[in-house]
Amino acid sequence: MAKGFTGTLLRVDLTRNTIEKVQMPEEFYRTYMGGTAFGAYFLLKELSGAVDAFDEKNIITIATGAATGAAVSGASRCCITALSPETGGAGDTQLGGSIGPMIKRAGFDAVVITGKAEKPSYLMVNDDAVEIMDAGHIRGKTILEAHDVLTKEHGTKNISILQCGPAGEKRVRFSCLMGDLNDAAGRGGMGAVFGSKNLRALVVKSSNMVEFADTAGLKALARIGSQRLPGSGFPETLKKYGTPGVLAPQAEGGNLATHNFSRSWHKDYLNLHGATYEKELAAGSTTCFGCVVSCRKKVKAELPWKVTDRLGGPEFETLGLLGSNLDITDPAAVAKANELCNNYGLDTISTGGAAAFLFECLEKGILSKDDCNGKELGFNDPEGLFWLIEQIVNRQGIGDTLADGLVTAVKKLGKKTAPFAIHVKNKVPAVHMAQVKPSLALMYAVSPIGADHMSNEHDWLLSSQADISKGLGILGNGDASCADLNKVRMTAYSQYYYSLLDTLCLCMFCWGCGSLFTYRDLEDIVKSATGWDCTMFELMKVGERRVAMLRQINARQGFTAEDDTLPSRLFEKLPDGPAKGRCVDSKLWPEMKDQYYEILGWDRKTGNPKEGRLRELGLEWAL
Ligand code: SF4
């Protein structure tokens, strides 16, 4: 067995109350390499036909990658994969912190969970001692409260806790999982999958070390990361301000979701910029295991809202979706809304999208306060937002309607509300504007996991003359705003690359195109971790295979090309700001989609992988 991996998966069936340690052959590891691809493998291998995400047959996999546990920057993220309660298709989300390294240290490459426990439970992994334990005493508690109880019981050293909050217990379809207190596996409703399985938490304890093939090689990569950080541009900004440090440049480029995605710039955007948080609310930083970037910023406030620094501060996406997109630009207000979401276990992006939908329906007079339990709500109303978050997490009144996502909300509230429901496959897009970034418009529509901003590199890559684009075989050139074949090719190739990062569980902020590490470094980290002499060709195929697997899961769930759509608002010209007049080009749009399907070897009509492409990727077993 190659080093880097332990060769063992932990399989837990909560219905049968069984725990197994399963050895997988080296071929399995070399073909799929970890992360999302492990989770997708089990969904395809063990389920047949369409399965509801809340069915106890759903399989949730928490997986590591080859280098997880190595003290190299950005090398220790963790992927969580299951059928998504939010989209109904493949669900996949990542988080940093230390849960990935802790799983590997305990002796497992992944934890694969199926079934449903009879009563509230949590899974305790103490090296190779694994137990399903009673979680009755933490049921209904917030993330902070449950964390404190569990660490009191199991100690605070060499421990990591992944848990859903009360939102997951109530099966809010966009509830997240929180890794310890600072890291959210935000998207796709993985918290609700835990909730549907009566599983509150996964607690992992270990003081073991992970064995790698070439420790000196990994140390050299760690050094390279540290040496390149000063003067690195984006990673250096992250070190200083975290992701909020990109808010001002993005807003100045007209790329900041505002007023329910109808505008892309807010006049008070500087209130939400990283420098403002640093000046007014900063409370230090944390980092993921082994990472020198340390981009996880904490915030703290006393007035007008008390915000604890125990939970992570707002990220860029949160500042948009709980801030500018709701016309809220008070930094403490966004920090408070972020704290509430983190403490209840709600995805900040989809929560903000649901609120923006409701506020615009109220603004347009389609709904009234009678639809909101008599409560006056609207844009630029922090207290109203806090109230709404509580309603969602407790599934009360209008909150219960929103908790199932925007498709259900439109069904319940009436067709007139549909134009204001901004989502793809029931998932709210991120703060990056499809009107401004054509490759992102395409990816929002075609991504198997719904509107996702982390599945490909954004449009700047095509206009880059540097080796960072050529190194991926992107030889064409073009303006960032173009929507031609070159842009489609760039979208597809960079999607394979980012998909590869999500199998290796590498952080995009360090390993993304043009960041701290090069493509050669990527070959090196795989070799140093495992001993495998992989080429970039083999690795890119691993990324492509993962995309095809996720798409094939969707095919089985009944998705077709007709689900690859964008909300009509995104085809309307932006009214003002630096990107005034920009929109998704409705004339080029069908051609972009067809070109994308052709490049990936997917059927134009169904949008699903053709048999030949699945065979070429060694996925004939998944037909
Ligand atoms: S760059 Fe930030 S998110 Fe990525 S691994 Fe480092 S600390 Fe974690």
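Residues numbered from 1 in each chain as written. Predicted model: local features only at pLDDT ≥ 70, side-chain atom pairs only at ≥ 80, totals over all residues. Heavy atoms only, no water.

1. Brief notes about the overall build of the chain
For the chain, the helix and strand inventory stands at 25 helices and 14 strands. Relative to its length of 623 residues, the chain is compact, with a C-alpha radius of gyration of 22 Å against a globular reference of 25 Å. Principal-axis analysis of the C-alpha atoms places the extent of the chain at approximately 65 × 60 × 50 Å. Split by element, the accessible area of the chain, about 21200 Å² in all, is 49% carbon and sulfur. If you average the places of the 70 positive and of the 73 negative side-chain charges in the chain, the two averages end up 0 Å apart. (Helix = DSSP H or I, 4+ residues; strand = E, 2+ residues; numbered from the N terminus. Rg over C-alpha atoms; globule rule 2.2 N^0.38 Å. Areas by Shrake-Rupley, 256 points an atom, 1.4 Å probe, with all protein chains shown as cover. Lys, Arg positive; Asp, Glu negative; His and termini not counted. Charge placed at Lys NZ, Arg CZ, Asp CG, Glu CD.)

2. Observations concerning the pairing of strand S7 (residues 121-126)
Each regular strand carries side chains that alternate between the two faces of the sheet. Counting buried residues along S7, five of its six residues qualify, which places the element largely inside the surrounding structure. Bridge count for S7 against strand S8 (residues 129-134) is six bridges, and the pairing is antiparallel. When the bridges of S8 are listed, Asn-126 appears paired with Ala-129. Where S7 and strand S12 (residues 199-205) come together, six bridges link them in parallel fashion. Paired with Tyr-122 across the strands is Ala-201, a residue of S12. (Buried < 20%, exposed > 50% of the residue type's maximum accessible area, 1.4 Å probe, protein only. Pairing = 2+ DSSP bridges.)

3. Remarks on the pattern of salt bridges
Scanning the model with the defined rule gives 34 salt bridges in all. Between Glu-169 and Arg-200 there is a salt bridge, with the nearest N and O atoms lying 3.0 Å from each other. Linking Glu-169 in helix H5 (residues 166-169) with Arg-200 in strand S12, this pair joins segments that are 31 residues apart in sequence. There is no split in this pair, since Glu-169 and Arg-200 are both buried. Among the charged side chains, a salt-bridge network with shared partners connects Arg-173, Arg-395, Asp-400 and Asp-404. (Salt bridge = Lys/Arg side-chain N within 4 Å of Asp/Glu carboxyl O.)

4. So, the side chain of Lys-541
Looking at where Lys-541 falls in the secondary structure, it is placed in helix H23 (residues 536-556). Residue Lys-541 is classed as buried on the basis of its relative accessible area of 17%. Aside from chain neighbours lying at most four places away, what touches Lys-541 is Glu-616 and Leu-617. (Contact = heavy atoms within 4.5 Å.)

5. A word on the nonpolar core
Judged by nonpolar contacts, the single largest core of 103 residues is most densely connected at Val-72, Tyr-497, Leu-522, Ile-525 and Tyr-596. With 67 residues, the next largest nonpolar core counts Ala-251, Val-299, Phe-316 and Ile-389 among its residues. (Core = buried A, V, L, I, M, F, W, Y, C linked by side-chain atoms within 4.5 Å.)

6. Side note on the sheet that holds strand S3 (residues 60-63)
Strand order in the open sheet formed by six strands is S2-S1-S6-S3-S4-S5, with mixed pairing between adjacent strands. Two strands lie at the open edges of the sheet, namely strand S2 (18-23) and strand S5 (90-95), each paired on one side alone. Strand-to-strand twist in this sheet, taken as the mean axis angle between neighbours without regard to direction, amounts to 15°. Bridge count between strand S4 (residues 78-83) and S5: six bridges; the pairing is antiparallel. The residue bridging Ala-82 from the neighbouring strand is Gly-91, located in S5. (Axes fitted to C-alpha atoms, helices over the stretch in contact; angles between N-to-C directions.)

7. Considerations on the packing of aromatic side chains
Counting across every chain of the model gives 24 aromatic pairs. The interplanar angle of 80° and the centroid separation of 5.9 Å between the aromatic rings of Phe-359 and Phe-379 together place this pair among those described as edge-to-face. Taken together, the residues span a long stretch of sequence, with Phe-359 in helix H13 (residues 348-363) and Phe-379 in the loop between H13 and helix H14 (382-393) at a distance of 20 residues. Residue Phe-359 is classed as buried on the basis of its relative accessible area, which comes to 1%. Centre to centre, the rings of Tyr-596 and Trp-602 are 5.6 Å apart; their planes meet at 85°, and the pair counts as edge-to-face. For the pair formed by Tyr-596 and Trp-602, the shared burial category is buried. Through successive ring pairs, a cluster of aromatic residues spans Phe-5, Phe-28, Tyr-29, Tyr-32, Phe-38, Tyr-41, Phe-42, Trp-532 and Trp-621. The ring of Phe-42 has Arg-11 lying over it, and the distance from NZ or CZ to the ring centre is 4.7 Å. (Phe/Tyr/Trp six-rings, centres within 6.5 Å; stacked < 30°, edge-to-face > 60°. Lys NZ or Arg CZ within 6 Å of the ring centre and 35° of its normal.)

8. Here we look at the sheet that holds strand S9 (residues 159-164)
As summarised here, the arrangement of the six strands in space is S8-S7-S12-S9-S10-S11, forming an open sheet in which the pairing is mixed. Every interior strand has two partners, whereas the edge strands, S8 and strand S11 (183-185), have only one. Sheet twist, expressed as the average angle between the axes of neighbouring strands with direction ignored, equals 20°. Summarising the sheet, S9 and S12 pair through five bridges and their orientation is antiparallel.

9. Quick word on the state of the cysteines
Following the criterion strictly, the structure yields zero disulfides and no others. Free of any disulfide, Cys-79 has its nearest neighbouring cysteine sulfur in Cys-505, separated by 3.7 Å. (Disulfide = S-S within 2.5 Å.)

10. Considerations on the site of the ligand
Around the ligand lies a shell formed by Gly-74, Arg-77, Thr-287, Cys-288, Cys-291, Val-293, Ser-294, Cys-295, Cys-507, Phe-509 and Cys-510. Of the residues that constitute the shell around the ligand, the class distribution is seven nonpolar, three polar and one charged. Here the shell around the ligand spans two domains, and each of domain 2 (242-420) and domain 3 (438-622) adds at least three residues to it. (Near = heavy atom within 4 Å. Nonpolar A, V, L, I, M, F, W, Y, C, P; charged D, E, K, R; others polar. Domains from an automatic or database assignment.)

11. Thoughts on the environment of Pro-120
Here Pro-120 is to be found in the loop between strand S6 (110-114) and S7. C-alpha of Pro-120 to C-alpha of Arg-139: the two residues are 19 residues apart in sequence and 7.0 Å apart in space.

12. Focus on the domain arrangement of the chain
Split into domains, the chain comes out as domain 1 (8-205), domain 2 (242-420) and domain 3 (438-622). If you average the C-alpha positions of domain 1 and of domain 2, the two centres end up 26 Å apart. Across the contact, 33 residues belong to domain 1 and 30 residues belong to domain 2. Taken over both partners, the interface formed by domain 1 and domain 2 buries close to 2600 Å², and the fraction arising from carbon and sulfur atoms is 54%. Ranking the residues of domain 1 by area buried against domain 2 places Leu-144, Phe-174 and Asn-182 at the top, with a combined share of 26%. The tally of links between domain 1 and domain 2 comes to four salt bridges. Residues Arg-187 and Asp-347 are paired through a salt bridge, measuring 3.1 Å at the closest nitrogen-oxygen approach. Run the count over domain 1 and domain 2 and you get 20 residue pairs in polar contact (both at pLDDT 80 or more). Looking at the side of domain 1 that touches domain 2, the elements that each hand over two or more residues are helix H3 (99-105), helix H4 (143-154) and H5. (Buried area = accessible area lost by both parts, 1.4 Å probe. Polar contact = N/O pair within 3.5 Å; in protein donor to acceptor, adjacent residues only side chain to side chain.)

13. Thoughts on the side chain of Lys-104
Here Lys-104 lies in helix H3. There is a polar contact of 3.5 Å between the side chain of Lys-104 and the backbone oxygen of Ala-66. Sequence-distant contacts of Lys-104, that is, excluding residues within four places in its chain, are made with Gly-4, Thr-6, Thr-64, Gly-65, Ala-66, Thr-68, Asp-109 and Val-210.

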